[in-house]
Amino acid sequence: MKIVRIEMVQMEHNRRVIVVLGMHRSGTSAVTRSLELVGVRLGDVLHPASIDNPKGFWEDRDVLSVNEELLAELGSSYDGLGLLLKDLPATDRIRALHARASDLVSSRCNAAAGIWGFKDPRTARLLPFWQGVFRAVGCEASYIVVVRNPVSVVESLRKRDGFDSVKTLYLWLEHVVPAITETRSAQRVVVDYDRLMEDPIHEILRISDTLALSKPDPSALAAYKSEFLESELRHNVASGSDLAALPDVPRAVLKCQGWLERLAMGAVDVDASEVAVAFDDLAFTLNELKPALSLIARQDQRLKAERFMRERVDALNVSLVDLKVANDWLRQQRDAWERTADEREQSITALQAQLEDLLRGNAWLTSQREAWERSAIDRAQSFSALQTHVQELLSGNAWLASQRDVWEQTAADREQSIAALEAHVQELLSSNAGLASQRDIWERTAADREHSISALQAYVQELLSGNAWLASQRDIWERTAADREHSISALQAYVQELLSGNAWLASQRDAWERTAADCEQLITAIRARHREADEKLVASEAMLKKLRDHWVVRFVNRIGGYNIL
């Protein structure tokens with residue numbers, strides 16, 4: 001157990017952090033990227049690249065988050081003037097941020113095997129906070145102060161953020177002066193971004209030698225020079241004469257830039273006493289200007305708020321126009337949907353009428369089918385009865401035929417008897433006349449029977465033909481009834497779909513009406529907010545004019561009493 005504690009103390013003692021300081025748009029990203037060449041790990045939680053920094057920011061997102069929250073707690077921002085931090089207020093929020101930053105630095109150093117580096121230009125103005133964190137976790141801090149000609153910084157921030165040149169110059173002072181005054185007694189080196197672009201190998205070797213870091217691998221160094229550093233990305237290169245020619249440049253900026261150029265060239269040691277005296281004097285000048293700079297920051301915040309309000313009002317106006325267009329479109333859609341719903345209602349009514357007609361026709365067909373079925377049954381029964389009757393007639397006809405043969409035979413016999421009895425004709429004339437008359441009656445009866453049989457046969461044939469026609473008609477009626485049943489089922493399904501679509505249209509119409517009502521309410525609220533924003537904007541402009549006039553008078557009076565170097 002005792003051995004483990006000794007090893008932990010030894011590990012904490014060997015932990016280092018390399019902090020890259022400098023003003024925004026001064027090349028801190030390029031220098032931070034080079035740290036990986038000399039054995040410094042940057043971690044994996046890095047801020048992604050963007051259009052204004054396509055090679056990447058190389059900033060730890062958690063460090064950036066802590067700095068943003070700390071600036072907000074101090075009532076400032078990344079571009080707010082007048083933040084000259086000496087002592088931190090003892091608030092619960094700052095204590096919580098201190099504990100969070102301590103855990104962050106400790107975990108990053110452990111993950112980096114003892115040496116970790118990070119950069120965020122905000123850190124230069126928040127050094128007392130971070131140095132307290134480094135002491136709390138037992139981490140040794142070394143610093144790289146990255147500088148660039150203020151003219152290049154002014155031009156870059158003017159293009160990117162629209163900053164005024166005087167504001168940028170004072171903001172530049174607030175970043176570079178603390179980077180020198182607050183890092184005394186620590187390992188540090190000043191690096192000029194333009195010199196790094198011209199001779200990166202020399203500058204990276206100077207960093208590794210000054211801060212006792214690993215020597216870079218020649219192939220990795222060559223790749224960094226050829227692939228990462230692109231001269232096309234450096235849009236502004238300025239000289240000392242350009243800075244002197246810049247309008248309204250403070251003398252403090254000229255003095256500070258002169259010292260930084262000498263420090264970056266190695267012409268003077270950064271720990272020399274004359275450097276300390278010069279930068280203490282610059283810090284004193286900044287401190288004297290702090291009330292005016294703070295006032296400028298507050299005015300700048302008001303202007304930002306007003307611009308933001310104007311942008312919000314413009315956005316609300318655009319949104320209002322869009323809402324009006326959307327509302328008009330919704331109304332048109334609602335009218336179209338209502339017309340469609342009315343047409344659907346009319347179509348459904350017509351279909352319902354057609355369905356009722358079909359149902360009535362189906363009922364008539366059903367009744368007719370039943371009548372036809374009954375008629376067919378009756379015809380079948382009649383046919384059976386006729387068949388029986390015909391059979392009886394046929395039987396009677398056969399009997400008559402047999403009787404006719406008997407009668408013919410009898411007649412023949414009688415003829416023979418008559419011939420035989422010709423002799424007795426005279427005596428039998430009366431009897432023979434009677435027999436002749438009977439024979440004529442029988443013959444007529446036989447002829448009538450033959451005629452009746454022919455008529456019955458023709459009638460039976462007609463009955464058979466009619467029954468065949470009824471059978472064919474019955475098949476046709478059954479097929480027609482089946483087709484009608486199928487059509488009725490299809491119509492019922494279609495009507496059900498129409499009824500479902502009508503219900504959906506009704507629900508959609510209700511939803512559209514509610515949406516239109518909500519849009520009307522939103523437009524009314526936006527108009528009220530727009531009127532309120534206009535009133536506030538007018539009041540703010542009047543107050544801003546009054547404060548601007550008051551500030552100009554006080555600033556001129558105060559500056560007139562100072563002897564600014």
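Use the structure listed above.
Here we summarise the structure given alongside this text. (Residues numbered from 1 in each chain as written. Predicted model: local features only at pLDDT ≥ 70, side-chain atom pairs only at ≥ 80, totals over all residues. Heavy atoms only, no water.)

### Considerations on the packing of aromatic side chains
Scanning the entire structure with this criterion turns up five aromatic pairs. Here the aromatic rings of Phe118 and Trp130 are separated by 5.6 Å at their centres, their planes lie at 45°, and the arrangement is tilted. Taken together, the residues span a long stretch of sequence, with Phe118 in strand 2 (residues 115-119) and Trp130 in helix 5 (residues 127-137) at a distance of twelve residues. By relative accessible area, which is 0% here, Trp130 ends up buried. Aromatic ring contacts, followed pair by pair, group Trp116, Phe118, Phe129, Trp130 and Phe134 into a single cluster. When the ring centre of Phe163 is taken as reference, the NZ or CZ atom of Lys167 above it lies at 4.1 Å. Between Arg262 and the ring centre of Trp259, over which it is positioned, the NZ or CZ distance is 4.6 Å. (Phe/Tyr/Trp six-rings, centres within 6.5 Å; stacked < 30°, edge-to-face > 60°. Helix = DSSP H or I, 4+ residues; strand = E, 2+ residues; numbered from the N terminus. Buried < 20%, exposed > 50% of the residue type's maximum accessible area, 1.4 Å probe, protein only. Lys NZ or Arg CZ within 6 Å of the ring centre and 35° of its normal.)

### Some details on helix 7 (residues 165-181)
If you check helix 7, its first and last C-alpha atoms are 24 Å apart, about what 17 residues at 1.5 Å a residue would give, namely 24 Å. Among the 17 residues of helix 7, 15 are classified as buried, and the element is accordingly described as predominantly covered. For helix 7, the N-terminal cap is Asp164; the gap from its side-chain oxygen to the backbone nitrogen of Val166 is 3.0 Å. (Expected span 1.5 Å × (residues − 1). Polar contact = N/O pair within 3.5 Å; in protein donor to acceptor, adjacent residues only side chain to side chain.)

### Considerations on the environment of Glu198
Summarising the element assignment, Glu198 is placed in helix 8 (residues 193-198). Among the residues examined, Glu198 registers a relative accessible area of 59% and is labelled exposed. In this structure, the C-alpha to C-alpha distance between Glu198 and Lys225, residues 27 residues apart in sequence, is 9.9 Å.

### Some details on helix 12 (residues 251-265)
For helix 12, built from 15 residues, the straight-helix expectation of 21 Å at 1.5 Å per residue is met to within 8% by its first-to-last C-alpha distance of 22 Å. Residue Gly266 follows helix 12 closely and has a positive phi angle near 80°.

### Let's talk about the pairing of strand 1 (residues 16-22)
Residues in a regular strand project their side chains so that they alternate between the two faces of the sheet. Burial of strand 1 is extensive: seven of the seven residues sit out of reach of the surface. Burial along strand 1 is two-sided: Arg16, Ile18, Val20 and Gly22 facing one way and Val17, Val19 and Leu21 facing the other are all buried. Both strand 1 and strand 2 contribute to a ladder of five bridges, which runs parallel. Each residue of the ladder has a partner; that of Val17, found in strand 2, is Trp116. (Pairing = 2+ DSSP bridges.)

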